[in-house]
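Analysis of the macromolecular model
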Amino acid sequence: MTHAQAHSSKSVDAAEAPLGPNRIVVVGGTAAGMSAAARARRHSEKAEIIVLERQRHVSSASCALPYYVGGEIEDPDELTVHTPETLRASLNLDIRTEHEVTALDAERRVVEVITPNGAEEIGYDELIVAVGTETARPPIPGLEHPRVQTLRTVDDALRVYETLADGHTSEGLPRHWRPLVLGAGFIGVEIAEAFALRDLPVTLVEAASHVLPPLDEETAAVAADALRGLGVDLRVGLTAERIEHGEDDSVIEFSDGSALSTDLIILATGVRPATSLFVAAGIADQRGSLITDERGRTNLPHVWAVGDAVLASDATSGERRMVALAGPANRAGRMVADNIFGFQTRPLPPAVGTAIARIGELTVASTGANRRTLQAAEIPYVTAHLHPRHHASYFPGAEVMHMLLHFHRESGQLLGAQVVGRAGVDKRTDVLATAIRAGMTAIDLVELDLAYSPPYGSAKDPVNLAGMVGANLLDGTLAPTYAQDLREGDDGRFLLDVRSRGEFASGHLPGAVNIPHTELREHINEVREMAGDRAVVVICASGLRSYFAHRVLRIAGLDATSLSGGLTTYRHVHGSLSAHEASPRRLAA
């Protein structure tokens, strides 16, 4: 088989697939690497397929590690999906664990490997680099200490679990563990939840202004409340400056001058590509992430790269960035194997970046671009906030979901979405991720025909409702004011609260006037007189009643906007609103 045939874009029948290379070497035995190796075997029974993995385990369930530490997964054997023996039996793969690749000579087509029996060279016809990432270790004095651990491998999880099983100090006294997690991304949050579910007093520290930095601030605020509800001591906007270690505990000094004592530190400060030796060998990179063409080829002949350590194209902005997620890595590994064998070759898809995490009874999910990404790419957008029930409100057990969606201001295309709630979050997030991948617009969401029965959804599913809000924003039917732009003491606008009198009395924004939306039509002239030349901001609990009232006012000729997401979103952004029960300004009924 010629090199040209191997990279042909012609689709062929599986039974007629070209024989392909004689030896494929895969560096990395987790998601992308194992998917590539398994798919390669399905193309050829003759090829020798060698997988080199520096750890003791392959096909490990990395995403399961926090749940083992938390005690939900009890058997450590469940953390490995396959063993070298099962993979040899089922796929005839040559799996070599504790084999660390230390150098690549692309001209000779060999890799240098440190094995349990010494160093050796292994030749290849085609090389797949699937090394993934490693924990980013910030330059903090005291970081290199046994009390500072990571949670990225099965051995890491076993080590942390065994550490927590040690119930005594060096003096033989009972130990009450006080773990601290540095980094509140999705992994850090999952680790903190695991400790909390073991009733350990855990502290979670994040350098950014809020937990889960990929989320926008209003959805991250709901996640933060859930963490505090589990007893997590949450500290944001802080960086660790120094760690001093004693015999039984460590003291971390933070950027605000505070300090905290702990006896176990988990480093979850992000990841970086584990690619230094391959970059040194000549593979083109961008800040360590390997650069490939649309089919996974690097700039070196017969060398492919796939997985977390490879630059992916962002589905929204087009920017090339690292995406460290298991799902995309698995699928990309499969496609690279197809491309090596010239079988139904197709480009690797852009990265949507869908992620989900559990925090106690809360589920937090996101897909596509956040506000920061859109602003950096200078993409015009509008944002929709809504708080629907996850199924028919009249059916028992209906839970509120908090939804945030970004739409392209001109095309109406869905750019990103975030969903938070106690039920129904994964279903809606997956629909919205599919919509982003398909380039769907707000109107397309309105027209989706989704499964409905009262225990599962509503006749207007939350996804349909999100499309309706987006369509209203785009066509001007709904003019929003966002909570970020509305602060207490703003005398430039007239605040009209259209909730019930009881709701208004329980708490409202200073200076707001209360007219229930059902009575608004009777008081249009009074509103016009009180507002004068000021714009009217209509306020309710969730944005629904304020939308109704906003339309009444606009049709009557007033300059009115609706507070996006209502006071629910306002609280998520600002933390609270001031209650003014004494002599509230209210029109007579």
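These notes cover the structure that comes with them. Counting from 1, residues in each chain are numbered in the order their sequence is written. Residues qualify for local features only when their pLDDT is at least 70, as the model is predicted, and side-chain atom pairs are given and counted only at 80 or more; totals for whole chains, interfaces and linings, by contrast, use all residues. To obtain the side-chain values, all non-hydrogen atoms of the structure were used and water was disregarded.

**As for the packing of helix 7 (residues 217–229) against helix 17 (residues 566–574)**
For helices, the fitted axis covers only the stretch in contact; all axes are lines through C-alpha atoms, and the angles between them, taken along N-to-C directions, range from 0 to 180 degrees. Counting from the N terminus, the helices are DSSP H or I runs at least four residues long and the strands are E runs at least two residues long. Direction vectors running N to C along helix 7 and helix 17 enclose 80°, while the axes themselves pass 8 Å from each other. For the element pair helix 7 / helix 17, the angle class is roughly perpendicular. Contacts between helix 7 and helix 17 involve E217, E218, A221 and V222 from the first element and T569, H572 and V573 from the second. Put simply, Ala, Val, Leu, Ile, Met, Phe, Trp, Tyr, Cys and Pro go in the nonpolar bin, Asp, Glu, Lys and Arg in the charged bin, and everything else, Gly too, in the polar bin. For the contact of helix 7 with helix 17, the per-class residue count stands at 3 nonpolar, 2 polar and 2 charged. Here is the rule for angles: anything less than 35 degrees is roughly parallel, anything more than 145 is roughly antiparallel, 65 through 115 is roughly perpendicular, and the remaining ranges are oblique. Contacts were defined at the residue level, with two residues in contact if any of their heavy atoms lie within 4.5 Å.

**Quick notes on the sheet that holds strand 9 (residues 148–149)**
As a general point, the strands of a sheet are linked pairwise by backbone hydrogen bonds and lie either parallel or antiparallel. Following DSSP output, two strands are said to pair if at least two bridges run between them. If you walk across this open sheet you meet the 5 strands as 9-16-10-11-12, and the pairing is parallel. Two strands bound the open sheet, and with one partner strand each, they are strand 9 and strand 12 (233–236). Bridging between strand 9 and strand 16 (residues 264–267) involves 2 bridges; their strand directions are parallel. Counted as the bridge partner of V148 is I265 from strand 16. With respect to the sheet, helix 5 (residues 154–165) is in contact with strand 9 and strand 16, its orientation differing from that of strand 16 by roughly 165°.

**Let's talk about unusual backbone geometry**
Only a minority of non-glycine residues have a phi that is not negative, and only a minority of peptide bonds are not trans. For L212, which is not glycine, the phi torsion reads 50° and is therefore positive. With respect to the helices, strands and loops of the structure, L212 is situated in the loop between strand 11 (203–206) and helix 7. Judged by relative accessible area, which is 0%, L212 ranks as buried. Exposure classes here rest on a 1.4 Å probe applied to the protein chains alone. A residue is buried below 20% of its type maximum, exposed above 50%, and partly exposed in between.

**Comments concerning the sheet that holds strand 4 (residues 100–105)**
Spatial ordering of the open sheet is given by 4-5-6, a layout of 3 strands whose pairing is antiparallel. Edge positions in the open sheet fall to strand 4 and strand 6 (118–123), since each of these has one partner strand only. Here the strands of the sheet are splayed against their neighbours by 25° on average, with no regard to which way each runs. Pairing of strand 4 with strand 5 (residues 110–115) involves 5 bridges; the strand directions are antiparallel.

**Focus on the packing of helix 2 (residues 31–43) against helix 9 (residues 326–340)**
Relative to each other, helix 2 and helix 9 sit at 30°, their axes nearing to 7 Å. By the angle class used here, helix 2 and helix 9 are roughly parallel. Between helix 2 and helix 9 lies a crossing whose hand is right-handed. Of helix 9, the residues touching helix 2 (which contributes A31, A32, S35, A36, R39, A40 and H43) are A326, A329, N330, G333, R334, A337 and D338. By residue class, the composition of the contact of helix 2 with helix 9 is 7 nonpolar, 4 polar and 3 charged. Whether a crossing is left-handed or right-handed is set by the direction in which the near helix is turned from the far one by less than a right angle, anticlockwise for left-handed and clockwise for right-handed.

**Some remarks on the layout of surface pockets**
Size it by volume and the second largest pocket reaches roughly 670 Å³. Cavities and pockets are defined on a 1 Å grid built over the protein atoms alone: a cavity is a set of grid points where a 1.4 Å probe fits but cannot escape, while a pocket is an open set with protein on both sides within 12 Å along at least five of seven lines, and lining residues are those with an atom within 4 Å of any such point. If you trace the second largest pocket, you find 31 residues lining it, with L386, P388, L465, V469 and L544 closest to the centre. Of all the secondary-structure elements, those providing two or more residues to the lining of the second largest pocket are strand 25 (381–386), helix 13 (462–475), helix 16 (544–555) and strand 32 (560–563). The element contributing the most residues to the lining of the second largest pocket is helix 13, with 6 residues. Grid points are joined across faces, edges and corners, and a volume is the space filled by probe spheres set on the points.

Shape is all these values report; function is a separate question.
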